[in-house]
Every structure is written in C-alpha cells, then in structure tokens.
Amino acid sequence: MRDLRVRYSTSALGYVWSVLDPLVMAGIYWFVFTQVFDKAVGEQPYIVFLLTALLPWMWFNGAVSDATRAYLREAKLIRSTKIPRTIWVARLVLSKGIEFIASLPVLAFFAIATGAVLHWEAFYFVLGVLLQAILTVGVGLIVAPLVVFFRDLERATKLALRFLFYASPIIYGIPDLEKLGLDGLAAFNPLAGIFSLYRAAFFPDQLDWYAVLIGGLMSLILVAIGILVFVRTERAVLKEI
Amino acid sequence: MSDNHVIRVEDAGIRFRLNRRSRRSFKDLFAGRKRRARADEFWALRHVSFDVTAGEAIGVVGRNGQGKSTLLKLVAEVMLADEGTVHIGQGVAPLIEITGGFVDDLSVRDNVYLTAGLHGMTKSEINERFDEIIEFAEIKRFIDTPYKHLSSGMRVRIAFAVISRLEEPIILVDEVLAVGDKAFREKCYRRIEELLRGGRTLFFVSHNERDLRRFCTRGLYLDKGELVLDGPINDVLARYNDDYGVQ
C-alpha cells in the first residue's frame, strides 16, 4: 500500500503508468512479429498471446528488480522498526501483483476486440498467480539480502532479467521450443510452466503439465533457498545497512 | 520466567567487523574464504546480562563507542544478538533514529498516519490522537507541507510527537533530543516524566548527568562492551566519574 501511495502521490497519471508500460512493449512486439516478420511463432491473435505472458512477466520483472534495492532504499526505515523483515520483500511482490491484476482489463479489452475465445482453463489462472507469487518471493528473498553485501549483484540481476525475458516463453510459446528440442530444458525455468498456465485461458494447446510440474518444484526449491538465505543473513544485513 | 520481567537480556553479545567498508564486489565472492582479507572482528557488546521489571527507569552510561546505542538497538529488536538471548516481553516505542520512517515526498499528515501505522496503531487510534500530535509538535501550519520542506528541528519534533504517543509500555530514548531547542526539549522531558508516572519502563541514554538523575533510578554502566556496573543511578554515575575523572 505504502509503495503504491508513495509512487503515485506525485504523479498525476497514476494508474495509467502501470498499464502503459506493458502496452507499449506489447505494441512493439506485436509490430515486429506480426507486421515486419512473417508470423511463425505463437498463436493468433498474437496480441492476446503476447499479453497473457507479458503482463505476468512485468510483475516478476518489476518485483525482482525492485527487490535488489529493497533493503538499501529503505535502510533508515528498516533500522527504526522491528516488524518482520520479510515484509520488505513481500510487499514489493504484493504491490507489483496488484499492478498486474489492475492491468488485466487491458488483456480483456484486446481479447474482446480480437474475438479470442475464453476456455474453461481460465481457472488455472489462480494456480498461475499462486505459483508466481511463491517464485517471486523466493527470488526476492535471495536477491534482496545478498545485494547488501555484493552491490554488483544489482547489475547482474538486471542482466539476468533481460536474458530471462528472451529465455522464457513470452514472445513465443513452449510448442515453438519443441521444434528445437529445447522444451525439456525450458521447463526448468519456472516461468515457462507458470506462463503456460496463464495462456491456457485462451490457448489450451499451450498448457504443458510437465513444465508446470517442474516449474512448481523449482519455485518451491527457490523459496526454500530464499528463506534459508534470508534467515542466515538477517543479522548481518541489519548491521550492514 | 517471572511475569514482571519485561526485559530479560542473557549473556548477549554482538560483533562487528572493523576493517571492511560495506561494499564488497564479486571479486571477493569468487576469491574464496582464504584469500579474502581476514576481517578483524570486535565485540561491541559481550556477556551482557540484566533483567528489567515493569516501571523501572534505567539510564545507560558510558563513553562514546562503548555499546550504549547498540544495547538500545538490541532492546528495540532492530538488531539481533549474535550470541545469548534478548527477550522483550512487551511492545517498545523506540526514540532512536525516529525520523527514519518518514517519507520525504509525502505531507506531514500522511507521514503521521504511515509511521504510527507502521508501529502498530490502528487508523481510528491515530484519528483520535492526530490533533494532539500536531499540537505537541507545534506545526499546525505545515500539516500539508511535504516532509522534505520542513526544517530539521521540525522533523525531530513531529517524529517525537508521533513516537511518544504510541501506547507502548517500554520507551527507549537515545540522544535524539539534542536537536530540538531548549523549550521543546523541556516539553519532551515533561512528556517523558508523564509517561513514567503512567508506569512505563524507560531506557535512557545520555551524557547529561542532570537528565540522568532526573529520570532514572537505576543505572547500567557499559565499558569496552561489557556491563561493568548495574546499580542505583547515583552509584553508577559516581563510578563512571571515578573511572574517567571529570569532576
């Protein structure tokens, strides 16, 4: 809450900004992959195909890149209160998650405009949100404390995120990887399974239970590592900031 | 554990590194444990044990850098002990780094709600006390001014006003009040006395003997990270003056 209020207290456009970002990105990719190149990837309508993964990606990307500064930016505040220190990461995931939910009408708009059909698999959306929340908290808990000790990690994380954007099935789908024989490997990127859950709402063929299972396991492992890292570094972080 | 011990510190210790700036790079990470510069560590506090019963007023005495503020931070639970245990039975209103929770861009009004909320006050409680807080800080005119435009004195004033209205049974006071002008400091002290009469437990760090004698009944004397003496405030001050002979 605090995040949203601080963020928008000084900007008049407020909500529009959180929607504008994915919209501009989607516009660019839509232009490149359906107008410039022949469409060889994804499914039609491509703009809906793109947004079903791009919007959740914005959530993951925003939360993780903000998590790199979670403890440094709020150092003064953290030093003055004793509320559980996991909150500083959790609230980033939450506020970005709210932005994600708030941007869904954009997806609905394009789905209606292009006449995409909604399938019963839309219920997997809930599972997708749950898995993604677990994954994002896990990654955040790993990144946030470590950045305090290794400042380079902030830049490394940005780079890794940019890599991950193209390495995840966002502008393409898991079936496109099958042609290359990379789908088995891609499943170990938890985002692949999660995005396939979201996509199943409009494109049931994109659902890949193998990727979901591996992705779910990876998410749980990451959150376990995250909690471990967090618990082991908490004392040192408090001294450091 | 007996019921009327609100604070119980047992053999607590906390250590810091001496020779390292906070920045490390990846080079250190890959350099391995052995090649990394061996960090000297020192114990800011060690083997500190004491119990506090509800309603006690305790003054913490010692020279600069002997662990007074660190002890307060342990009691406030904004730092965690490396060894031993610190058990705090009740809520704490920490008057240390009090301006920390304030956001520059938000107005004074929003900041009051935010900070008080962060310390566990509900919205209706804040509504009830809002006027009281603003009046205490004497900044009625600046209520909708962004926090960043306030003077440093005003910042401390509003922060003190908020924290001292928290209904917490334990109050920690570091030397924060040195910033305010004389009249406001006196006002703060009267507020602290008022809280003490209400049965609160006080932890007070100061170099000012008069203030210490005014509020405190019991003293803790810290030297080189150890608790040297725990006794009535007058004894503790006498011992401190003996050791560091300024009469």
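Rules behind the numbers
- Residues numbered from 1 in each chain as written.
- Chains lettered and ligands numbered in written order.
- Predicted model: local features only at pLDDT ≥ 70, side-chain atom pairs only at ≥ 80, totals over all residues.
- Helix = DSSP H or I, 4+ residues; strand = E, 2+ residues; numbered from the N terminus.
- Buried ≥ 20, exposed ≤ 12 C-beta atoms within 10 Å, placed from the backbone.
- Contact = placed C-beta atoms within 7 Å.
- Core = buried A, V, L, I, M, F, W, Y, C linked by C-beta atoms within 7 Å.
- Pairing = 2+ DSSP bridges.
- Axes fitted to C-alpha atoms, helices over the stretch in contact; angles between N-to-C directions.
- Arc of directions from axis to C-beta.
- pLDDT = per-residue confidence, 0-100.

1. Digging into the overall build of chain B
Then comes step 1: When helices and strands are tallied, chain B shows 8 helices and 9 strands.
Then comes step 2: Classification of the 247 residues of chain B by burial places 37% in the buried group.
Then comes step 3: Partitioning the intrachain contacts of chain B with sequence separation of at least 6 by distance along the chain shows that 72% fall at a separation of at least 24.

2. Regarding the nonpolar core
Then comes step 1: Ile58, Val60, Val75, Leu172, Phe203 and Phe204 of chain B are the most contacted members of the largest nonpolar core, which has 65 residues in total.
Then comes step 2: What Phe204 of chain B contacts, discounting residues up to four positions off in sequence, is Ala57, Ile58, Gly59, Val60, Val173, Leu212, Phe215 and Cys216 of chain B.
Then comes step 3: Among the nonpolar cores identified, the runner-up in size contains 63 residues, and Val48, Leu51, Ala211 and Met218 of chain A belong to it.

3. Section: the pairing of strand S8 (residues 218–223) of chain B
All names here are of chain B.
Then comes step 1: In terms of strand pairing, strand S3 (residues 57–61) meets S8 through 4 bridges, oriented parallel. Along S8, the bridge assignment pairs Gly59 with Gly219.
Then comes step 2: Alignment of S8 against strand S9 (residues 226–232), held across 6 bridges, turns out to be antiparallel. Bridging across to S9, Arg218 finds its partner in Pro232.
Then comes step 3: Connecting S8 to the antiparallel partner S9 that follows it, the hairpin turn spans 2 residues, and Lys224 within it adopts a positive phi of roughly 50 degrees.

4. Digging into the sheet that holds S9 of chain B
Residue and element names in this part refer to chain B.
Then comes step 1: Taken in spatial order, the 6 strands make up an open sheet running S5-S6-S7-S3-S8-S9, and their pairing is mixed. Here the strands that pair on one side only, and so sit at the sheet edges, are strand S5 (92–95) and S9. In this sheet, adjacent strand axes meet at a mean angle of 15 degrees when their direction is disregarded.
Then comes step 2: Taken strand by strand, helix H2 (residues 68–76) contacts S3, S5, strand S6 (170–173), strand S7 (201–205) and S8, and its axis lies near 150 degrees from that of S7.
Then comes step 3: On the sheet, helix H8 (residues 233–243) packs against S3, S8 and S9 and is oriented at approximately 135 degrees with respect to S9.

5. Quick notes on the sheet that holds strand S4 (residues 83–88) of chain B
Residue and element names in this part refer to chain B.
Then comes step 1: Taken together, the 3 strands give an open sheet; going across it, the order is S2-S1-S4, and neighbouring strands pair in antiparallel fashion. Two strands lie at the open edges of the sheet, namely strand S2 (41–53) and S4, each paired on one side alone. Recorded for the sheet is a direction-independent mean angle of 20 degrees between the axes of neighbouring strands.
Then comes step 2: Pairing between strand S1 (residues 5–17) and S2: 9 bridges, direction antiparallel. Residue Val9 lies in a different strand from S2, and its bridge partner there is Phe50.

6. Description of the environment of Thr68 of chain A
Residue and element names in this part refer to chain A.
Then comes step 1: Here Thr68 shows up in the loop between helix H3 (46–67) and helix H4 (70–73).
Then comes step 2: Classification of Thr68 by C-beta neighbours within 10 Å gives buried; the count is 23.
Then comes step 3: Those residues within four positions of Thr68 in sequence are excluded, and the remaining contacts are Val143, Val147, Leu153, Glu154 and Thr157.

7. Quick look at H8 of chain B
Then comes step 1: Here H8 of chain B has its buried residues at Ile233, Val236 and Tyr240 of chain B. End-on, the buried residues of H8 of chain B take up no more than an arc of 65 degrees, which puts them together on one face.

8. What about unusual backbone geometry?
All names here are of chain B.
Then comes step 1: Residues other than glycine seldom take positive phi values, yet His47 does so here, at roughly 55 degrees.
Then comes step 2: Within the secondary structure, His47 is located in strand S2.
Then comes step 3: A positive phi angle, close to 50 degrees, is found at Lys224, a residue other than glycine.
Then comes step 4: With respect to the secondary-structure elements, Lys224 resides in the loop between S8 and S9.

9. Some words on the confidence of the model for chain B
Then comes step 1: Per-residue pLDDT for chain B has a mean of 78; in total, 84% of the residues score no lower than 70.
Then comes step 2: Between residues 32–38 of chain B, whose pLDDT stays under 50, and residues either more than four places distant or in other chains, the model counts 2 contacts.

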